[in-house]
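# Descriptive analysis of the structure
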Amino acid sequence: MATILVTGGAGYIGSHTIVDLIDHGFEVISIDNFSNSNKQVFEGIKKITNQSVINYNIDLTNLDDTRKVFINHTKIDGIIHFAAFKAVGESVEKPLEYYHNNMNSLINILKCVDEFSVPHFVFSSSCTVYGNPDEACVTEQTPQQPAASPYGYTKQIGERIIEDFVHINPNKKAILLRYFNPVGAHPSALIGELPIGKPMNLVPAITQTAIGKLPKMLVYGNDYDTRDGSCVRDYIHVCDIARAHTLAIEYLIKEKNQSNIEVFNLGTGNGVTVLEAINSFEQVNDLKLNYEIGPRRAGDVVAIYANNNLAKEKLGWQTKYNINDMMQSAWKWELHLKESNH
Ligand code: WQD
């Protein structure tokens, strides 16, 4: 049975990916220092999978501590590297923390990939590498615009670091997965997104307003050149994102890759406006959301969604969930949080 190290395993996408890996027969270990996550996530994973996941609570910017994990676990067949700070707005306010954390964690993990001969590496990248694209529908070959935030730059630089690393280590194989907008929660509602503090992202803002944690939410602008004036995004269920990671690891282990670094967009291929997302939430959950139209948010991309043909064709990946499923699972998770007094 192959063993996969998931960094950021207590995180939103990391925890859902651990569940999918275990569901598909992998052994999993995790590294997470809970700087942006909660150790209770592992209780949720255990309830879903009946597996206890070993987690190393270490700071990946510390190379000696990171090396100890690989000394402890001599058999690591692959790594999925999620651990990073990921709030676009916060990265603008704290650029040095973002560059220090996101880049040094990646460099230390790659040093261990080299020293401990780990053959397969999957990197959590992002559609933010495209910046504000000229065409809303982007393929993996769409030229990258300057990133709109330090967070986006850490993903652009991260991809380049991995490209240069595998170039001098041809026996190492890497996949870069560019997520669009991950939303929703596991159908069990035992794991989901746990934003710390006031939510920056749309869907937690919707669900926290609907449950009464927030008095109202603002739609950041409805005067864009889109079908209803609000921004367009490719919202994708976090379980579809998780599934793609397991398929990516299997793709590498089965040596199906054509080169030792490949990139895949992870989106549904459907663009949805902010107002359409709110409408879906209201319809599928039979609720009325208290929102107002506010000013535009600096740095917002007007419209972006994925051409996801490459991931479908090469990884055999097929998204299962539509926007209504995403909004229903997000609301079910918010209700679970309320019942468990979060
Ligand atoms: C979506 C839309 C907002 C909150 C995210 C992640 C980023 C990357 C890409 C992974 C925008 C609008 C939001 C609110 C609103 N993912 N909005 N009111 O900016 O696309 O970036 O996906 O790497 O890490 O942050 O997502 O959810 O913040 O915004 O109107 O209260 O919702 O203006 O148009 P974004 P988001």
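Keep in mind that this is a model prediction, so the values were computed, not measured. Counting starts from 1 at the beginning of each chain's written sequence and moves along it residue by residue. Note on the predicted model: pLDDT of at least 70 is required for a residue's local features to be given, and 80 or more for side-chain atom pairs to be given and counted; whole-chain, interface and lining totals, by contrast, use all residues. Excluded from the side-chain calculation are hydrogens and water; included are all heavy atoms of the structure.

## Overview of the sheet that holds strand β4 (residues 78-81)
As a reminder of what qualifies: Strands are treated as partners if at least two bridges between them are detected by DSSP. To qualify as a helix, a DSSP run of H or I must reach at least 4 residues; to qualify as a strand, a run of E must reach at least 2; elements of each kind are numbered from the N terminus. Only the contacting stretch of a helix is used when fitting its axis, a line to C-alpha atoms as for every element, and angles between N-to-C directions run 0 to 180 degrees.
With respect to topology, seven strands assemble into an open sheet ordered β3-β2-β1-β4-β5-β7-β12, the strand pairing being parallel. Whereas interior strands pair on both sides, the edge strands pair on one side only; in this sheet they are β3 (54-56) and β12 (261-266). Going across the sheet, the axis of each strand differs from the next one's by a mean of 20°, ignoring polarity. Taken together, the four bridges between strand β1 (residues 3-7) and β4 define a ladder with parallel strand orientation. Each residue of the ladder has a partner; that of Thr7, found in β4, is His81.

## Quick look at the state of the cysteines
Note the following rule: By disulfide we mean two sulfur atoms from cysteines, separated by a distance within 2.5 Å. Exposure classes here rest on a 1.4 Å probe applied to the protein chains alone. A residue is buried below 20% of its type maximum, exposed above 50%, and partly exposed in between.
Within the structure shown, the criterion is met by zero disulfides. There is no disulfide at Cys137, and the cysteine sulfur nearest it, in Cys127, is 12 Å away. With relative accessibility at 32%, the residue Cys137 sits in the partly exposed group. Lacking any disulfide linkage, Cys239 is separated from the closest cysteine sulfur, that of Cys127, by 19 Å. Take Cys239: its relative accessible area is 13%, and that puts it in the buried class.

## Here's the deal with the site of the ligand
Filter applied, for reference: One heavy atom within 4 Å of a molecule or strand is enough for the residue carrying it to be called near that molecule or strand. The definition of a polar contact used here is a pair of N or O atoms within 3.5 Å, where within protein one atom must be able to donate a hydrogen and the other to accept one, and adjacent residues in sequence count solely through side-chain atom pairs. The Shrake-Rupley method, run with a 1.4 Å probe, gives the accessible areas here. Residue values count only the displayed protein chains as cover.
What surrounds the ligand is a group of 20 residues, the closest being Tyr151, Leu202, Leu218, Arg233 and Asp300. With respect to the ligand, the backbone of Phe180 contributes an N or O atom lying 3.5 Å from a nitrogen atom. Interatomic distance of 2.7 Å between a side-chain N/O atom of Arg233 and an oxygen atom of the ligand. In isolation the ligand has 680 Å² of accessible area, and contact with the protein removes 91% of it.

## Focus on the pairing of β1
Which entries qualify depends on this criterion: Handedness of a crossover is defined as follows: orient the strands so they point away from the viewer, and if the path from the first strand over the helix to the second runs clockwise, the crossover is right-handed.
Judged by how many residues are buried, β1 sits mostly within the fold: five of five residues are covered. Alternating residues of β1 divide into Thr3, Leu5 and Thr7 and Ile4 and Val6, and every residue in both groups is buried. Looking at chain direction, β1 and strand β2 (residues 27-31) are connected through five bridges and run parallel. Looking at β2, one finds that Thr3 is bridged to Glu27. Between β1 and its parallel partner β2, the chain crosses via helix α1 (residues 12-23), and the hand of that crossover is right-handed.

## Observations concerning the pattern of salt bridges
Formally: The term salt bridge refers to a pairing of a side-chain nitrogen on Lys or Arg with a carboxyl oxygen on Asp or Glu at a separation within 4 Å.
The tally for this structure, following the rule as stated, stands at 15 salt bridges. The partner of Glu115 in a salt bridge is Arg67, with the nearest N and O atoms 2.5 Å apart. With a gap of 48 residues between them, Glu115 in helix α5 (residues 95-115) and Arg67 in helix α3 (residues 63-72) connect regions that are remote in the sequence. For Glu115, a relative accessible area of 43% gives the class partly exposed. Classification of Arg67 by relative accessible area gives partly exposed; the value is 25%.

## Here we look at the packing of aromatic side chains
Cut-off, in case you're wondering: Aromatic contacts are taken between Phe, Tyr and Trp rings whose centres are within 6.5 Å, Trp giving its six-membered ring; a plane angle under 30 degrees counts as stacked, one over 60 as edge-to-face, and the others as tilted.
Scanning the entire structure with this criterion turns up six aromatic pairs. Ring centres 5.4 Å apart and planes at 20° place the aromatic pair Phe70 and Phe116 in the stacked group. Of this pair, Phe70 sits in helix α3 while Phe116 sits in the loop between α5 and β5 (120-126), and the two are 46 residues apart along the sequence. Relative accessible area serves as the criterion here: at 2%, Phe70 is assigned to the buried category. Given a relative accessible area of 24%, Phe116 falls into the partly exposed group. An angle of 90° between the planes, with centres 6.0 Å apart, marks the rings of Tyr251 and Phe264 as edge-to-face.

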